[in-house]
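Inside the fold
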Amino acid sequence: MKIYFACSSTDLTKYISHYLAMVNYIIGLGFEISYNWLSRVSEKMRKLNYNPEYHNLKKTEIQKEGINSIKESDLLIADLSMPSTSVGYQVFMAIERGLPVLCLYSLDFGIKKPPQIIQSIDSSLLNVSSYTGDSYKRIIKNFLNKSKRKESIKFNFIATREIVEYLDWLSKKLKVTKSAALRSEIEDKLIKNSKEFKEFIKDSH
């Protein structure tokens, strides 16, 4: 699974080592970062002797490549500890594309609360959580493990005419594809209500 990591460029010279630690933790769990722009920025900052004039690092180019990378990603993880309009846009874009999103914010630095615009989003794809120190590791790991279990896997499904008619009706009602309608039915009406399956998952992990 490909993960896009987003964070603010505000005071990046001060917090980049923290953000890089988060990215490296994700990579250490066996996931791929779709566009590791932080490493690129870190290298350029090193060559500039950590010159705080971050505008020399072509932010517009990074934002453009980041947007393209979200289109190729499976999930988005964003650190919202520092305010950023571009990160908010990336979160909206990911949700519109149907990607699960994890928004984190630190209680140790920054605004210490999720931005209002994030709080206003009403979507089951959005997960928001605070953290202190390196407690983000537990939160990220749980999110990625949960998302991995929900990763789409293609397989052949032979349906009766009645099932197809039902899915046609449901997809029009929900305004989604038939595949998405079927996933919704299974997750909301079968998985959530199956105590036996939940026990099975708990024991197998």
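You'll find the structure just up there.
Residues numbered from 1 in each chain as written. Predicted model: local features only at pLDDT ≥ 70, side-chain atom pairs only at ≥ 80, totals over all residues. Heavy atoms only, no water.

**Observations regarding the pattern of salt bridges**
- Under the counting rule described, the total for this entry stands at four salt bridges.
- In this structure, Lys178 and Asp168 form a salt bridge, with 3.5 Å as the shortest nitrogen-oxygen distance. Separated by ten residues along the polypeptide, Lys178 in helix H8 (residues 178-191) and Asp168 in helix H7 (residues 161-174) bring together distant segments of the chain.
- Take Lys178: its relative accessible area is 41%, and that puts it in the partly exposed class.
- For the salt bridge of Lys189 with Glu185, the shortest nitrogen-to-oxygen distance reads 3.5 Å. Taken together, the positions of Lys189 and Glu185, both in helix H8 and four residues apart, correspond to about one turn of that helix. (Salt bridge = Lys/Arg side-chain N within 4 Å of Asp/Glu carboxyl O. Helix = DSSP H or I, 4+ residues; strand = E, 2+ residues; numbered from the N terminus. Buried < 20%, exposed > 50% of the residue type's maximum accessible area, 1.4 Å probe, protein only.)

**Regarding the packing of helix H1 (residues 12-28) against helix H6 (residues 136-149)**
- Two elements in contact, H1 and H6, have axes whose closest approach is 11 Å; the angle formed by their N-to-C orientations is 40 degrees. Helix-helix and strand crossings are classified by hand; for H1 and H6 the assignment is right-handed. Counted together, His18, Ala21, Met22, Tyr25 and Ile26 of H1 and Tyr136, Lys137, Ile140, Lys141 and Leu144 of H6 form the full contact between these two elements.
- Split into classes, the residues belonging to the contact of H1 with H6 amount to seven nonpolar, one polar and two charged. (Axes fitted to C-alpha atoms, helices over the stretch in contact; angles between N-to-C directions. Left-handed = near helix turned anticlockwise from the far one by under 90°. Contact = heavy atoms within 4.5 Å. Nonpolar A, V, L, I, M, F, W, Y, C, P; charged D, E, K, R; others polar.)

**A look at the packing of aromatic side chains**
- For the structure shown, the criterion picks out six aromatic pairs.
- Ring geometry for Tyr15 against Phe109: centres 4.3 Å apart, planes inclined by 15 degrees, an arrangement best described as stacked. Taken together, the positions of Tyr15 in helix H1 and Phe109 in the loop between strand E4 (101-106) and helix H5 (116-119) put the pair 94 residues apart, joining distant regions of the chain. A single burial state applies to Tyr15 and to Phe109, both of which are buried. (Phe/Tyr/Trp six-rings, centres within 6.5 Å; stacked < 30°, edge-to-face > 60°.)

**Structural notes on the side chain of His18**
- Tracing the backbone through its elements, the reader meets His18 in helix H1.
- Take His18: its relative accessible area is 19%, and that puts it in the buried class.
- Within polar-contact distance, the side chain of His18 engages the side chain of Tyr131 at 2.8 Å.
- When sequence neighbours within four positions are dropped, the list of residues in contact with His18 reads Asp79, Phe109, Tyr131, Gly133 and Tyr136. (Polar contact = N/O pair within 3.5 Å; in protein donor to acceptor, adjacent residues only side chain to side chain.)

**So, the sheet that holds strand E3 (residues 75-79)**
- The five strands lie next to each other as E2-E1-E3-E4-E5, forming an open sheet whose pairing is parallel. With one partner strand each, in any of the chains shown, strand E2 (32-33) and strand E5 (126-131) form the two edges of the open sheet.
- The pairing of E3 with E4 spans four bridges and is classified as parallel. Looking across to E4, one finds that Ile77 is bridged to Leu102.
- Contacts from helix H4 (residues 85-96) reach strand E1 (2-7), E3, E4 and E5 within the one sheet, and its direction differs from that of E3 by about 160 degrees. (Pairing = 2+ DSSP bridges.)

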